[in-house]
Amino acid sequence: MSRINLPVQPLHSLLRTFASNQIRLTNVSLVRLKKGKKRFEIACYKNKVLEWRSGIETDLDEVLQIPNVFLNVSKGQTAPSADLAKAFGKDKPVNDIILEILNKGELQVGEKERAAQLDRVHAEVISIVASKLVDPRTKRVYTTGMIEKALDMLSSQAHQQGDKKGTETGSGTGTPATGDDAEAKPRAKEHTWTGVVSTKSAKSQALEAMKALIAYQPIPVTRARMKLRITCSTNVLKQAVKAPKGGDTDGEQKAPGTVKDKILSYVEQVEAQDVVGSEWEVVGFVEPGAFKGLSDFVGNETKGQGRVEVLDMAVTHHED
């Protein structure tokens, strides 16, 4: 009986082949999407998902660790074609399925990444607030450190009040809502501040923080504003302005309107408005951050028939 000699693959080669087929979880971010009754996952490089969604990264190969769809990445369990067809449609290519998961799926973030993301949002919130509030006595901006301390004070107070209310409710010693002296009065909305979270945009949280600081005044603050005079020929006031594409990132819808409407949308408070001859003039207060946008709009849209003049610089930047 003759013996057949099969080629034997060296052990170290087998180990290399096995290792190359495993997913290295040390540098992976999972994006998970539930579709129908199944949960699908893709394996991506850390930090690349957010870069892709923000438009910084455009090369899909730089985002995906493996161009495949999984039911369980950690176990290496790929999604069967039948499951993909049932959940996403029979004729949908795998690449389109991957893009749908990447764009709409939930990013699974580890503790370190979550903490780093919270730190980034926190720093952005403080920076925005510090740029928009001033000391009303000196009209000077506060440092980010002072704004941070003031918000910490409000956060501590809010948590203490929450604990106190919880204790009173639990012990039954809370003040009754009805009685001889009690009237059903609508309660004004309280601008409380409990701290930064990673689930809201920095812009919306900065607005909440500013309202709380202005309402409670842990330090003397007011909105930073510039006093401007804007003049424009009446010939261009009623011209239509094209609506911006997409809209605001926080979901605010800005109506296009006319040139006059657009100019007034930059003005927080109108002090005076008049037409003198063939010129329309408005005097009002504008946030410093809106000044450039207003100036650019007036310069471009009116084609030299409008101008913006600073009457009072409400913010004085200084070095401590």
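What counts and how
- Residues numbered from 1 in each chain as written.
- Predicted model: local features only at pLDDT ≥ 70, side-chain atom pairs only at ≥ 80, totals over all residues.
- Heavy atoms only, no water.
- Helix = DSSP H or I, 4+ residues; strand = E, 2+ residues; numbered from the N terminus.
- Polar contact = N/O pair within 3.5 Å; in protein donor to acceptor, adjacent residues only side chain to side chain.
- Pairing = 2+ DSSP bridges.
- Contact = heavy atoms within 4.5 Å.
- Axes fitted to C-alpha atoms, helices over the stretch in contact; angles between N-to-C directions.
- Salt bridge = Lys/Arg side-chain N within 4 Å of Asp/Glu carboxyl O.
- Buried < 20%, exposed > 50% of the residue type's maximum accessible area, 1.4 Å probe, protein only.
- Core = buried A, V, L, I, M, F, W, Y, C linked by side-chain atoms within 4.5 Å.
- Parallel < 35°, antiparallel > 145°, perpendicular 65-115°, else oblique.
- Left-handed = near helix turned anticlockwise from the far one by under 90°.

It is worth spelling out the side chain of Asn-72 at this point. Along the chain, Asn-72 turns up in strand β3 (residues 70–72). One polar contact links the side chain of Asn-72 to the main-chain amide nitrogen of Lys-75, over a distance of 3.1 Å.

What follows covers the sheet that holds strand β6 (residues 133–135). Pairing within the open sheet is antiparallel, and its three strands lie in the order β7-β6-β8. Pairing within the sheet leaves two strands with one partner each, and these edge strands are β7 (140–141) and β8 (222–223). Pairing between β6 and β8: two bridges, direction antiparallel. By the bridge assignment, Leu-133 is partnered in β8 with Arg-223. Packing of helix α5 (residues 111–132) onto the sheet brings it into contact with β6, β7 and β8, and relative to β6 it is tilted by some 50 degrees.

Here we come to the pattern of salt bridges. Under the criterion given, the structure shown has 17 salt bridges. Two residues, Glu-51 and Lys-48, come together in a salt bridge whose shortest N-O distance is 3.4 Å. Placement of the pair is Glu-51 and Lys-48 together in helix α2 (residues 48–54), with a separation of three residues, close to one helical turn. Of the charged contacts in the structure, one is a salt bridge between Lys-227 and Glu-271, with a shortest N-O distance of 3.0 Å. Placement of the pair is Lys-227 in strand β9 (residues 226–233) and Glu-271 in strand β10 (residues 269–276), with a sequence separation of 44 residues. Residue Lys-227 is classed as partly exposed on the basis of its relative accessible area of 22%. Judged by its relative accessible area of 46%, Glu-271 is partly exposed. In this structure, a network of salt bridges that share partners links the residues Lys-132, Arg-223, Glu-268 and Glu-287.

Turning next to the nonpolar core. Within soluble globular proteins, side chains that are nonpolar generally end up buried alongside one another. Of all hydrophobic cores here, the largest spans 22 residues; its most connected members are Val-125, Val-129, Ile-147, Leu-151, Trp-193 and Leu-213. Elements that contribute at least two residues to this core include exactly α5, α6 (144–171) and α7 (202–216). For Leu-213, the residues in contact, after removing those within four places along its chain, are Val-129, Leu-133, Ala-150, Leu-151, Leu-154, Pro-218 and Val-221. In terms of nonpolar packing, the next biggest core, distinct from the first, is built from 19 residues, Val-31, Trp-52, Val-63 and Ile-97 among them.

Our next topic: the packing of helix α8 (residues 259–266) against helix α9 (residues 288–301). For the pair α8 and α9, the least separation of the axes is 10 Å and the interaxial angle reads 165 degrees. On the basis of their axis angle, the class for α8 and α9 is roughly antiparallel. When the axes of α8 and α9 are compared, the crossing they make is left-handed. Where α8 abuts α9, its residues Val-259, Lys-262, Ile-263 and Tyr-266 lie against Ala-290, Gly-293, Leu-294, Phe-297, Val-298 and Glu-301.

These values are about where atoms sit, not about what they do.
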